[in-house]
Amino acid sequence: MEQSEPTVNDCLVFSVNGERFEVSTIHPSTTLLEFLRSHTPFKGAKLSCGEGGCGACVVLLSKYDPVLDQVDDFAVSSCLTLLCSINGCSITTTEGLGNIKNGFHPIHERFSGFHASQCGFCTPGMCMSFFSALVNAQKTQRPEPPLGFSKLKVSEAERAIAGNLCRCTGYRPIADACKSFAADVDMEDLGFNSFWRKGDSNEVKISSLPLYNHNDKICTFPEFLKNETRPSLLLDSRRYSWNNPVSLEELQSLLGSVEDGNGTRVKVVVGNTGMGYYKEVESYDKYIDLRYIPELSMIRRDNNGIKIGATVTISKAIEALREYSKGGLYSEGDMVYKKIADHMEKIASGFIRNSASLGGNLVMAQRNHFPSDIATVLLAVGSTVNIMNGLKSEELTLEEFFRRPELDSKSILLSVKILSWDQITGISSGAKMKLLFETYRAAPRPLGNALPYLNAALMAEVFHCKTSNGIIISSCQFAFGAYGTKHPIRAAKVEEFLTGKMLSVGVLYEAIKLVRGIVVPDDGTSSPAYRASLAVSFLFEFFSHLVEPNPESHDGSVDGYSTLLVKASELKRISNQLDHGKIPTLLSPAKQVVELNRQYHPVGEPIAKSGAALQASGEAVYVDDIPSPMNCLHGAFIYSTKPYARVKGIKFKPKSLPDGVSSLISFKDIPGENIGSKTIFGIEPLFADDFTRCAGQYIAFVVADTQKHADMAANLAVVDYDVGNLELPILSVEEAVRRSSFFEVPSILNPKKVGDFSRGMAEADHKILSAEYYFYMETQTALAIPDEDNCIVVYSSIQCPEYAHSTISRCLGIPEHNVRVITRRVGGGFGGKAIRAMPVATACALAAYKLRRPVRIYMNRKTDMIIAGGRHPMKITYSVGFKSDGKITALHLDILINAGIAADISPIMPHNLLGALKKYDWGALSFDIKVCKTNHSTKSAMRAPGEVQATFISEAVIEHVASTLSMDVDSVRSKNLHTFNSLKFFYEGSAGEPVDYTLPSIWDKLASSSRLKQRTEMIKQFNMCNKWQKRGISQVPIVHEVSLRPTPGKVSILSDGSVAVEVGGIELGQGLWTKVKQMAAFALSSIQCDGMGDFLEKVRVIQSDTLSLIQGGFTAGSTTSESSCEAIRLCCNILVERLTPTKERLQEQMGSVEWGTLILQAQSQAVNLSASSYYVPDFSSMKYLNYGAAVSEVEVNLLTGETTILQSDIIYDCGQSLNPAVDLGQIEGAFVQGIGFFMLEEYTTNSEGLVVTEGTWTYKIPTIDTIPKQFNVEILNSGHHTKRVLSSKASGEPPLLLAVSVHCATRAAIREARQQLLSWTGLCKSDLTFQLEVPATMPVVKNLCGLENVESYLQSLLS
Ligand SMILES: Cc1cc2nc3c(=O)[nH]c(=O)nc-3n(C[C@H](O)[C@H](O)[C@H](O)COP(=O)(O)OP(=O)(O)OC[C@H]3O[C@@H](n4cnc5c(N)ncnc54)[C@H](O)[C@@H]3O)c2cc1C
Ligand code: FES
Ligand code: FES
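Being a predicted model, the structure only gives us computed values, none of them experimental.

Visitor: Break down the pattern of salt bridges for me, with residues and values.
Guide: Applying the stated criterion to the full structure yields 64 salt bridges. The partner of Lys-46 in a salt bridge is Asp-625, and the shortest N-O contact between them spans 2.8 Å. Separated by 579 residues along the polypeptide, Lys-46 in the loop between α1 (32-39) and β3 (58-65) and Asp-625 in the loop between α22 (612-616) and β20 (633-639) bring together distant segments of the chain. Judged by relative accessible area, Lys-46 falls into the buried class, the value being 1%. A salt bridge links Lys-1050 to Glu-1062; its shortest N-O distance comes to 3.7 Å. Within this pair, whereas Lys-1050 is found in strand β37 (residues 1047-1053), its partner Glu-1062 is found in strand β38 (residues 1059-1063), the two being separated by 12 residues in sequence. What makes Glu-1062 buried here is its relative accessible area of 7%. Linked by salt bridges that have partners in common, Lys-919, Glu-955, Glu-959, Asp-970, Arg-973 and Arg-1307 make up one network.

In structure tokens, the structure reads:
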């Protein structure tokens, strides 16, 4: 582990937020993010995925070009950018835009005022992605914008954040905040915010926005740095070096100096984004940065085509291709460049494309079989590459390049040449040929940031043959890739077959049959049949306009495809349109309907979330932002990859252990109990003992000097397992049943059956529901600091510090008063930072206690995804009885819940399931629910645990009945909605009064406000007119039972009259602090002093501290905000009562009393100015029901299985909202998270139960391009609930269930598709009753629409 100090020949110079940094000793593998977070005060850039997939780490990188005397600014992901590569550059982080001391930037303020930041963990990255777009728009020649706006367009503002993930907000408010800067924005289109009130004029609106003055430029590149840009850098030590060769000769000599076989590991690097995919753990000895070699960074066009140097970034290549396609005569060949550029724009995200090189992409495709888009597209247009090896260089076609053995580390790709059309085809553009060129990719996110299931680029030259009056294919080139082969392929057989043929349905059908034989994914590729079907779809789509009967074309000439064979002038016009801002916006204007109520002012005001601007400016402190104390160590977990095995020992791969690894901690080091978490249902061990009982179980905790070293060590650990003579693990719920492996459900939590279940059952069916991962942006994290006298302080990002507190005490074997757990804010929880955060805090505490040094962890995303457990998978079998009019009379359910290895909160699942399942009047309801103990990782609560699954089951039953009876599904829903009487029968004790039951009125109101009837008619028309797109619409109700829990609070008034508030609830982004602040201001203002107008400013909610406020409980179940508010109200009431005598005395003396005077006087009179309370809800009313409904309309693409959510309308009853802005954020955010569950997120395991979707590459949460295009939300104010906290109701979880409407609408659209398929194939009618899995991903949807629907269609035409 010993390492020699590097001898430095030179050093890196750069600036961060205008501050100069000089670095001489750094390992070349250090990323910019690591440096920023551990060597500078700027912690705004966050680590969330570490693989380029989320945008939390985005910063602005600025480079100075001394020749042009201009600064180039662009966003990059700092988690992949290597520090050594930014020599001479300037970095701007969100702190550099503005801060609390010098004033926030309008971006920060508008994010806050548009309610665009909840947990805030994504916000700094969002701000920087947007800032980069803003800066670059200002550099354009567009007309000067009016004051307050920028030159940016709305469509660009939306796209600026397309690569950034947010798990909280649902994106709509973020888009609004960004759009508010766009010169072409219609102020009417901007959503709910705290700047203006409904009805304000545009002038008032504009003047209320925090002013953006586009002339006040932030200096992104400090003057002093302009003199310090040195082209060459050599960071050298005996051990490793970073080299910036400036010529090919220098590069050759550097590569030549590396002797083969001497063990020196060389890494050629450009943008280093490849690391995001391959995540190499070993480091290299020699790094060679290619970007200073002029030949590699040029772009040149001549008659033969365009030559692009290998280090040119994808962004620059797009710019150049666009530029060429614009300039001069707009030929069809130039259209090819434009389409290539369009396709490239879907690669990754802007902040990756800005540093990712073309050459890097192709080398990854050639050497590492990366599923590249560029490789496929360039293959189709007959590109060539230039390769240098030693002193030799050669030109190869891409096909030859891919056929070659994998490129060795000394071979360099110099350039790529995209041939011009004439060169490819050999036919002059003057001939009567028409060039057809299209590129395709089918991916879960339409705008990119997702690898495709398959990509394709298809090119053909066609002409109209007068004699045969048909269209002849003169030549063609088809490439398919990314579908699970090593390299993209040319479909030579298809090309050969089609060349010279006259296009017809029959010919196309034959070509498609050939494609089927060619595009065959390798074994082990996911969804192989789906991928193959995409190739067929794309070939069909490419030619279909030429072969399908066109009603508008009567003469049978080429006019039949005139839309495709547009004249050059037409293309030019389209192109100009695109260039002049006609790019469609992603989102349509949305409506937010909110009724404000001033009865309890400032409660009820839509004030911005407390601390939102601070979150945007990157100054909000999360656990990992707390500076490391002296001697701090870092830990990483070693987890099991086996479901059940004896653990014989742990070794590290020889020679690979990084420096600084200091300790390995396992169950043997535990002084107290082996306990990692606890709930009322039991405990879970911290570490596996001699046996591991699930894949993902913690085996040990490795501690090192840095997080990187700890992670590397954990990665290199080799666990010695022994499975000899052991029982087989239980890896399915069926096996759990066979072996009677269940968790006991306490009788009090056993839901009661409803009604007399003695009616006939008509149907039986079963459904399987998969798991879901939390994907909080901040991964699990903790910092433990040993204190005097065997005490320990633990900073934890956790939803239940109280439980972590006692877990740590038991594990360490020390009394609870020796432990203190502090939590300020959590970067997203969604249930995953409740029980699952406890072992993380406990392991740090254990290590710190043992080593007597501070120990912290910031878990990497992969480990987090593997250990998290997530939502419970289930298997549900049901039988349902119903009348011929659709009224359901009885339902029986058998539910097997996969709870994993430990109880966690799983025994509560039957209760939760039933809470949401009873939303319909099933007549009678019986069930058998088993909570199965399996050798899977422990499943835990995830936002709406059990309720979301129950909602799916309810809708599946309803749809099944409707389908069986051939009835309209919405009428079956209406028929089975509860009357108040049936509601009371089903929800004994929580139904409240008849007036509380708002669902029927919501139902009708929504049907009318969303124009359900008219749209249903329009959809029918649409579906009749469109063969390959089908639409569906669905209205769905929800009933969600919640329950209040006892909650503590404490309010202290300080001598200057400011107020410190402590609550049991944790701020997770849900706005709990904001509501609590409002409540404190409201309740204290009842003392009626003067000068209390801006009282909110006086109140601060402070971090949770388990020794200061005990019995904090869990922040979960949607009700912690309101119970925390109530606890604070009780405290304030006590204080007001104590202060009243003093106030009255003062009032008598002075007439009016200032708040400050009152407090000074009370202090001098020894009034106790601190009050605590423990709010215990009244048993009779602690449970209540929440209601809402949603209508969603979707469009399904039958060729790809893509589902687009065209519109969602929601009405949700918040009672009398405590803060409508916060509640709106909860509703929209929950709904979008629900879309993830129902449509996108696949959380899968291998056969041993080990999670395999372990990062942003495979786990796809919603992004701005997958949310409803139009998203209307109305918060119903039904404020008459006397038993609720100031008449309010919960909003955190119930709206998530509404996303089932998207799933149901998709099913409706698929039904249409199947109906059509039926007409082509004679599919049997029973096929119209089908199951739509959750999540309904593209392969799932396409599968149901028909993997061979194209063939079926063509066959139907042929017959
Ligand atoms: C989040 C994310 C999403 C992505 N999505 C897509 C996508 O949808 N479609 C797609 O096509 N691509 C995608 N990519 C891949 C991306 O295009 C590549 O990572 C990028 O182009 C590589 O360029 P680089 O300069 O960063 O290469 P580096 O990471 O610097 O290098 C990559 C590899 O190539 C070698 N290398 C680089 N240049 C040369 C050269 N000139 N000669 C010899 N060897 C060289 C390096 O040694 C290294 O082994 C994605 C990447 C990320 C991070
Ligand atoms: S942390 Fe860098 S992109 Fe996710
Ligand atoms: S606010 Fe975006 S992730 Fe929490």
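Visitor: So, the packing of helix α19 (residues 505-518) against helix α41 (residues 1349-1358): which residues are in play, and what are the values?
Guide: Where α19 contacts α41, the two axes come as close as 10 Å, and the packing angle between them is 150 degrees. Regarding the angle of α19 to α41, the classification is roughly antiparallel. For the pair α19 and α41, the sense of crossing is left-handed. Touching Val-505, Gly-506, Leu-508, Tyr-509, Ile-512 and Arg-516 of α19 are Val-1350, Glu-1351, Leu-1354, Gln-1355, Leu-1357 and Leu-1358, all from α41.

Visitor: Now, about the site of ligand 1: what can you tell me, with residues and values included?
Guide: The local shell around ligand 1 holds 35 residues, among which Val-268, Val-270, Thr-273, Ser-357 and Asp-373 are the closest. Val-270 is positioned such that a nitrogen or oxygen atom in its backbone is 2.8 Å from an oxygen atom of ligand 1. The contact in question runs from an oxygen atom of ligand 1 to an N or O atom on the side chain of Thr-273, over 2.6 Å. A total of 960 Å² of accessible area belongs to ligand 1 in isolation, and the protein chains cover 96% of it. Considering every element that reaches the shell around ligand 1, the biggest residue donor is helix α14 (residues 358-368), with 5 residues. Grouping the amino acids of the shell around ligand 1 by side-chain chemistry returns 20 nonpolar, 11 polar and 4 charged.

Visitor: Describe the sheet that holds strand β21 (residues 645-652), naming the residues involved and giving the relevant values.
Guide: Strand order in the open sheet formed by 3 strands is β25-β21-β27, and the pairing between neighbours is antiparallel. Unpaired on one side and paired on the other, β25 (691-692) and β27 (717-722) mark the two borders of the sheet. Sheet topology note: the β21/β25 ladder contains 2 bridges and is antiparallel. Residue pairing in the sheet places Ala-645 in a bridge with Thr-692 of β25. Against the sheet, helix α23 (residues 707-716) touches β21 and β27, its axis set at about 35 degrees to β27.

Visitor: Hey, could you go over the pairing of β3 for me, with residue numbers and the actual values?
Guide: With 6 of its 8 residues buried, β3 lies for the most part within the structure. Bridge analysis of β3 against strand β4 (residues 70-77) gives 8 bridges, and the strand direction is antiparallel. For Leu-61, the partnering residue across the bridge sits in β4 and is Phe-74. Hairpin connection from β3 to β4: 4 residues lie between these consecutive antiparallel strands, with Asp-69 at a positive phi of about 50 degrees. Pairing analysis gives 3 bridges linking β3 to strand β5 (residues 90-92), with the strands arranged antiparallel. Bridged to Leu-61 within β5 is Ile-91.

Visitor: Account for the nonpolar core, with residues named and values stated.
Guide: One finds Leu-362, Phe-478, Phe-543, Phe-701 and Ile-792 to be the most contacted residues of the largest nonpolar core, which totals 342 residues. Grouped together as the second largest cluster of nonpolar side chains are 42 residues, Trp-1073, Leu-1096, Val-1101 and Leu-1135 included.

Visitor: Can you lay out the confidence of the model for the protein chain for me, pointing to particular residues and giving the numbers?
Guide: Overall, the prediction assigns the protein chain a mean pLDDT of 92, with 94% of residues at 70 or greater. Within the model, the stretch residues 1-8 combines pLDDT values under 50 with 23 contacts to residues more than four positions away or in other chains. Every residue in residues 551-581 scores below 50 in pLDDT, and together they form 44 contacts with partners more than four places removed in sequence or on other chains.

Visitor: Could you give me a rundown of the packing of aromatic side chains, with the residues and numbers involved?
Guide: If you walk through the whole model with that rule in mind, you get 46 aromatic pairs. Pairing Phe-370 with Trp-1257 gives two aromatic rings, centres 6.2 Å apart and planes at 85 degrees, and the pair type is edge-to-face. In this pair, Phe-370 is assigned in the loop between α14 and α15 (373-380) and Trp-1257 in the loop between α37 (1220-1240) and β44 (1270-1276), connecting sequence segments 887 residues apart. Overall, the relative accessible area of 10% leaves Phe-370 in the buried class. Note on Trp-1257: relative accessible area 26%, which makes it partly exposed. Centre to centre, the rings of Phe-1237 and Phe-1238 are 5.0 Å apart; their planes meet at 75 degrees, and the pair counts as edge-to-face. On the basis of relative accessible area, Phe-1238 is assigned to the buried category, the value being 0%. Members of the aromatic cluster, joined through ring pairs, are Tyr-773, Tyr-774, Phe-775, Tyr-776, Tyr-1243 and Tyr-1259. The residue whose ring lies beneath Lys-678 is Tyr-803, and the NZ or CZ to ring-centre distance is 5.3 Å. Sitting over the face of the ring of Tyr-776, Lys-833 holds its NZ or CZ atom 4.4 Å from the ring centroid.

Visitor: Tell me what's going on with helix α33 (residues 1012-1025), and back it up with residues and numbers.
Guide: In a regular helix each residue adds 1.5 Å, so 14 residues correspond to 20 Å; α33 covers 20 Å between its end C-alpha atoms and thus fits that length. Here α33 has its buried residues at Leu-1012, Arg-1015, Ile-1019, Phe-1022 and Asn-1023. Along the long axis of α33, the arc covered by the buried residues comes to 95 degrees, so they all point the same way. Exposed residues pointing more than 90 degrees away from the buried face of α33 are listed as Lys-1013, Met-1024 and Cys-1025.

Visitor: How would you summarise the pairing of strand β17 (residues 470-481) if you had to cite specific residues and measurements?
Guide: Counting buried positions over the 12 residues of β17 gives 11, a clear majority of the element. Across 11 bridges, strand β16 (residues 454-465) lies against β17 in antiparallel orientation. Looking at the pairing, Asn-455 lines up with Gly-481 of β17. If you look at the hairpin formed by β16 and β17, you'll find 4 residues sitting between the two strands, and Asn-469 has a positive phi there, around 50 degrees. Sheet topology note: the β17/strand β18 (residues 489-490) ladder contains 2 bridges and is antiparallel. When the sheet's bridge partners are listed, Ala-479 is paired in β18 with Arg-490.

Visitor: Which residues make up the environment of Asn-99, and what are the values?
Guide: Looking at the secondary structure, you find Asn-99 in the loop between α2 (94-97) and α3 (106-113). The sequence separation of Asn-99 and Leu-1358 amounts to 1259 residues, and the corresponding C-alpha distance is 68 Å. Those residues in contact with Asn-99 that lie beyond four places of it in its chain are Phe-104, Ser-617 and Glu-619. Reaching out from Asn-99, the side chain makes a polar contact with the backbone nitrogen of Lys-101 at a distance of 3.1 Å.

Visitor: Any chance you could break down the sheet that holds strand β41 (residues 1170-1175) for me, citing the residues and the numbers?
Guide: Judged by pairing direction, the sheet is mixed, and its 4 strands sit side by side in the order β39-β38-β37-β41 without closing on themselves. Whereas interior strands pair on both sides, the edge strands pair on one side only; in this sheet they are β39 (1099-1101) and β41. Taking the axes of each pair of neighbouring strands and ignoring which way they run, one obtains an average angle of 20 degrees across the sheet. Where β37 meets β38, 5 bridges bridge the pair, whose relative direction is antiparallel. Bridging from a neighbouring strand, Ile-1053 pairs with Val-1059 of β38.

Rules used in this analysis
- Residues numbered from 1 in each chain as written.
- Chains lettered and ligands numbered in written order.
- Predicted model: local features only at pLDDT ≥ 70, side-chain atom pairs only at ≥ 80, totals over all residues.
- Heavy atoms only, no water.
- Salt bridge = Lys/Arg side-chain N within 4 Å of Asp/Glu carboxyl O.
- Helix = DSSP H or I, 4+ residues; strand = E, 2+ residues; numbered from the N terminus.
- Buried < 20%, exposed > 50% of the residue type's maximum accessible area, 1.4 Å probe, protein only.
- Axes fitted to C-alpha atoms, helices over the stretch in contact; angles between N-to-C directions.
- Parallel < 35°, antiparallel > 145°, perpendicular 65-115°, else oblique.
- Left-handed = near helix turned anticlockwise from the far one by under 90°.
- Contact = heavy atoms within 4.5 Å.
- Near = heavy atom within 4 Å.
- Polar contact = N/O pair within 3.5 Å; in protein donor to acceptor, adjacent residues only side chain to side chain.
- Areas by Shrake-Rupley, 256 points an atom, 1.4 Å probe, with all protein chains shown as cover.
- Nonpolar A, V, L, I, M, F, W, Y, C, P; charged D, E, K, R; others polar.
- Pairing = 2+ DSSP bridges.
- Core = buried A, V, L, I, M, F, W, Y, C linked by side-chain atoms within 4.5 Å.
- pLDDT = per-residue confidence, 0-100.
- Phe/Tyr/Trp six-rings, centres within 6.5 Å; stacked < 30°, edge-to-face > 60°.
- Lys NZ or Arg CZ within 6 Å of the ring centre and 35° of its normal.
- Expected span 1.5 Å × (residues − 1).
- Arc of directions from axis to C-beta.

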